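What follows is the residue order along each chain.
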Amino acid sequence: MATDDTLLDVRGLTKVFGDRTAVDQVTFELPRGRSLAIVGESGSGKSTLAKMIVGLEAPTSGTIWACGADRSAPATGSRERRVRGRQVQIVFQDPYSSLDRRQTGAQALDEVLRLHHDYGADYRRTRIAELARLVGLDDRQMSVRPKALSGGQRQRIAIARALAAEPRIIILDESVAALDVSIQAQVLNVLMDIRDATGVAYVLISHDLAVVRQISDDIVVMQDGRIVERGTTEQVLDDPQEAYTQLLRASVPEPGWTPSRRQKRSTT
Amino acid sequence: MTTTMPAPAEAAPAVEPMARSSRSWLRRLGPLGIACAVILGIAVVLAIIGPYLPGLDPESTDLPNAWVGPFQLPGSPLGFDAQGRDLLSRLIFGARTAIVGPLIVLIIAMSLGVTIGMIAAWRRGWLDSFLNFGLDILFGFPGILLAIVAAAVFGGGLWAAAIALSVAYLPFIARVVRNAAAKEGAMEYVAALRVQGVSAWRISVRHILPNISPIIVAQGTILFGYALVDLVAISFLGLGVQPPAADWGVMVNENLIGVLQGYPLPALAAGLVIVTVVVAVNVLGERLLDISEGRR
């Protein structure tokens, strides 16, 4: 089934809520060393897909293999939960609820390091400093509570917390969508530097095609729980075959885009 | 990665020192809130040290002294009650049952209510529905009625009444905790911890519970006031603390006749003490609730 070159292997994955099928027979692979984007509008099932991959929702049917291990069924026991935590991590969208407001960044990272690794207190401190540098935060920012941090800084801590488990795959579930454009660009740069430094693979869940183009090698397009188009990022974004993808594509303003119709109307 | 990251240029709010939080707590409580806390504090201190204070004698009756008013006899600034017992001594001794009774209610109702609420919030599903059903039944049952029934079945006394009230108050605590914990549990950091592999127990105890503790403390304070009133009422009815013990509810009952006979002070003094402490506790509880929900 999953070859050595396949980091994440999802087959026939389906999730039914009552009489609604949120995810319908989704199949894709994430080869080692590549990043995959899952795009689609809200309600297309991409977040449910992410929740199933990390184990927050149990699939109705289908299989998920990550790092050569089957995770289609819920984890039994705390040991297996931790093992899975070291395979796939996730960074969520909302920077304001993504951190425990009573924990400083350093405490949040320390909790994860203690959970997964047998490091001594000194080495944990060193690791926390390394992770902080990796996401571009200084000691002071790591030692205050989230209240004193901006959205972008909080999201950096959430990324560092995911990295602390040393996962092979990180799912970015609209992780930069709530940030201002300039801060979004900074966090995206951080994410790409991290990929170069650690070799972690990203599964990017997004509706923002500009972000997708920057991060991902491959792309799958979801609509109503199904994959309607797939291919490399350039291929799909530059030459979309499906009407739905063309529509998504057309709704993104290009550089040099001017709101011409409105201007015309105002002059007449 | 060896290259140093360029310093993020995002406009970060100034980092606030953590030490300011305790001071702003007092400020947010306001003068009224602080006054209420002081009143409750005095009652608690008297409940602890009252019986050891020198010169107090709440028990010995001296009928010729019955209804003797304030400052008529040396060592008795508030005078005597219907049976010639020193009123001030009885009020001070009464603080003990007035505080201990609600405390028993609080400890039992809180420990069970918080546990049930946390489990219901975490497990959801049929367990949540089952608990809600059970709590709905208890909700429909007035606490004081349950306590009176318990006193009738198991005999009077503080413990029977307190345990019955604990059961009656359990649903309020459980539901408040359940809703607060469910709201907290829906936050993304909880999902992130679950993905990390942190156990449900640890997430509940180390993350959710501390974050909802201000609401629990506030609800507990309000409940304390209710329990105090209910227990005093039960004692007044003769089903709680039994005479001749010094208890504020018992004292109102014993001295009620004085109101008609022109000696209202003993009954009114006990009533006034009850009202003062209960109002103080309730105002304090409401303040704490406002603070915990960010309204102050």
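Residues numbered from 1 in each chain as written. Chains lettered and ligands numbered in written order. Predicted model: local features only at pLDDT ≥ 70, side-chain atom pairs only at ≥ 80, totals over all residues.

### Side note on the overall build of chain A
Helix and strand counts for chain A stand at 11 helices and 10 strands. Over its C-alpha atoms chain A spans a radius of gyration of 20 Å, differing by no more than 12% from the 18 Å that the globule rule assigns to 268 residues. Projected onto the principal axes, the alpha-carbon positions of chain A cover approximately 70 × 50 × 35 Å. Taking all contacts inside chain A whose residues are at least 6 apart in sequence as the whole, residues at least 24 apart take part in 66%. (Helix = DSSP H or I, 4+ residues; strand = E, 2+ residues; numbered from the N terminus. Rg over C-alpha atoms; globule rule 2.2 N^0.38 Å. Contact = placed C-beta atoms within 7 Å.)

### Comments concerning the overall build of chain B
Summing up its helical and strand segments, chain B has 10 helices and 0 strands in all. Taken from N to C terminus, the helices and strands of chain B fall in the order α-α-α-α-α-α-α-α-α-α. In summary, chain B has a C-alpha radius of gyration of 24 Å against a globular reference of 19 Å for 296 residues, an excess of more than 25%. Referenced to the eigenvectors of the C-alpha coordinate spread, the extents of chain B come out at roughly 95 × 45 × 30 Å. Burial statistics for chain B: of 296 residues in total, 43% are counted as buried. Sequence separation of at least 24 residues holds for 69% of the intrachain contacts in chain B that already meet a minimum separation of 6. (Buried ≥ 20, exposed ≤ 12 C-beta atoms within 10 Å, placed from the backbone.)

### Digging into the packing of helix 3 (residues 105–116) of chain A against helix 4 (residues 121–134) of chain A
Residue and element names in this part refer to chain A. Between helix 3 and helix 4, the shortest axis-to-axis distance is 10 Å and the interhelical angle comes to 120°. Classed by the angle they form, the pair helix 3 and helix 4 counts as oblique. At the point where helix 3 passes helix 4, the crossing takes the right-handed sense. Residues Ala106, Leu109, Asp110 and Leu113 of helix 3 lie in contact with helix 4, whose contacting residues are Arg124, Arg127, Ile128 and Leu131. Among the residues making up the contact of helix 3 with helix 4, the classes are represented as 5 nonpolar, no polar and 3 charged. (Axes fitted to C-alpha atoms, helices over the stretch in contact; angles between N-to-C directions. Parallel < 35°, antiparallel > 145°, perpendicular 65-115°, else oblique. Left-handed = near helix turned anticlockwise from the far one by under 90°. Nonpolar A, V, L, I, M, F, W, Y, C, P; charged D, E, K, R; others polar.)

### Describing the interface of chain B and chain A
Each partner contributes to the interface: chain B provides 23 residues, whereas chain A provides 38 residues. Mapped onto the side of chain B that touches chain A, the elements with two or more residues apiece are helix 6 (188–196) and helix 7 (200–236) of chain B. Examining the composition of the side of chain B that touches chain A, we find that 7 residues originate from one element, helix 6 of chain B, more than from any other. Within the side of chain B that touches chain A, the residues separate by chemical class into 14 nonpolar, 5 polar and 4 charged.

### Some details on the sheet that holds strand 4 (residues 61–66) of chain A
Residue and element names in this part refer to chain A. The 4 strands lie next to each other as 2-1-4-5, forming an open sheet whose pairing is antiparallel. Across the chains shown, the open sheet's two edge strands, defined by having one partner strand only, are strand 2 (20–31) and strand 5 (69–70). Note: strand 1 (residues 6–17) against strand 2, 8 bridges, orientation antiparallel. Bridge pairing in strand 2 places Phe17 opposite Arg20. (Pairing = 2+ DSSP bridges.)

### Things to note about the sheet that holds strand 7 (residues 169–173) of chain A
All names here are of chain A. The strand order across the open sheet built from 6 strands is 6-7-8-3-9-10, with neighbouring strands paired in mixed fashion. Only two strands of the sheet have a single partner each, and these edge strands are strand 6 (88–91) and strand 10 (226–232). Along the sheet, successive strands turn relative to each other by an average axial angle of 20°, direction set aside. Where strand 6 and strand 7 come together, 4 bridges link them in parallel fashion. Bridged to Gln89 within strand 7 is Ile170.

### Considerations on helix 3 of chain A
Residue pairs spaced three or four apart in an α-helix point in one direction, given the helix's 3.6 residues per turn. Under the 1.5 Å per step criterion, the end-to-end length of helix 3 of chain A is 17 Å for 12 residues, consistent within 8% with the ideal 16 Å. Restricting attention to buried positions, one finds in helix 3 of chain A the residues Gly105, Ala106, Ala108, Leu109, Glu111, Val112, Leu113 and Leu115 of chain A. Residues of helix 3 of chain A that are buried sit in contact with helix 2 (78–85), helix 4, helix 5 (139–142) and helix 6 (151–164) of chain A together with helix 6 of chain B. (Expected span 1.5 Å × (residues − 1).)

### Considerations on unusual backbone geometry
Pro244 of chain B follows Pro243 of chain B through a cis peptide bond whose omega is 10°. Structurally, Pro244 of chain B is set in the loop between helix 7 and helix 8 (248–254). We note that Asp224 of chain A has phi near 50°; this positive angle belongs to a residue other than glycine. With respect to the helices, strands and loops of the structure, Asp224 of chain A is situated in the loop between strand 9 (218–223) and strand 10.

### Some thoughts on the confidence of the model for chain B
Residue and element names in this part refer to chain B. Averaged over every residue, the pLDDT of chain B is 85; residues scoring 70 or more account for 92%. Highest mean pLDDT in chain B belongs to helix 6 (95); lowest belongs to helix 3 (residues 125–139) (79). Taken together, the stretch residues 1–20 has pLDDT below 50 and engages in 23 contacts with residues farther than four places along the chain or on a different chain. For this predicted complex, the interface score ipTM comes out at 0.88, while the overall pTM is 0.81. (pLDDT = per-residue confidence, 0-100.)

### Regarding the packing of helix 3 of chain A against helix 6 of chain A
When two helices pack together, their arrangement is given by the angle between the helix axes and the distance between those axes. All names here are of chain A. The N-to-C vectors of helix 3 and helix 6 enclose an angle of 20°; their axes lie 9 Å apart at closest approach. With respect to helix 6, the element helix 3 is oriented roughly parallel. Crossing angle aside, the handedness with which helix 3 passes helix 6 is right-handed. For the pair formed by helix 3 and helix 6, the contact residues are Gly105, Ala108, Leu109, Val112 and Leu113 on the first element and Ile157, Ala160, Arg161 and Ala164 on the second. Its residues placed into classes, the contact of helix 3 with helix 6 shows 7 nonpolar, 1 polar and 1 charged.

### Points about the pairing of strand 10 of chain A
Note on strand geometry: in a regular strand, side chains alternate between the two faces of the sheet. All names here are of chain A. Pairing of strand 9 with strand 10, which is carried by 6 bridges, proceeds in the antiparallel orientation. Bridge pairing in strand 10 places Val220 opposite Arg230. Taking the residues between adjacent antiparallel strands as the criterion, strand 9 and strand 10 are bridged by 2 residues, where Asp224 takes a positive phi near 50°.

### As for the environment of Ala106 of chain A
All names here are of chain A. Tracing the sequence through the fold places Ala106 in helix 3. Sequence separation between Ala106 and Leu13 is 93 residues; the distance between their C-alpha atoms is 37 Å. Setting aside chain neighbours within four positions, we find Ala106 in contact with Ile128, Met142 and Ser143.

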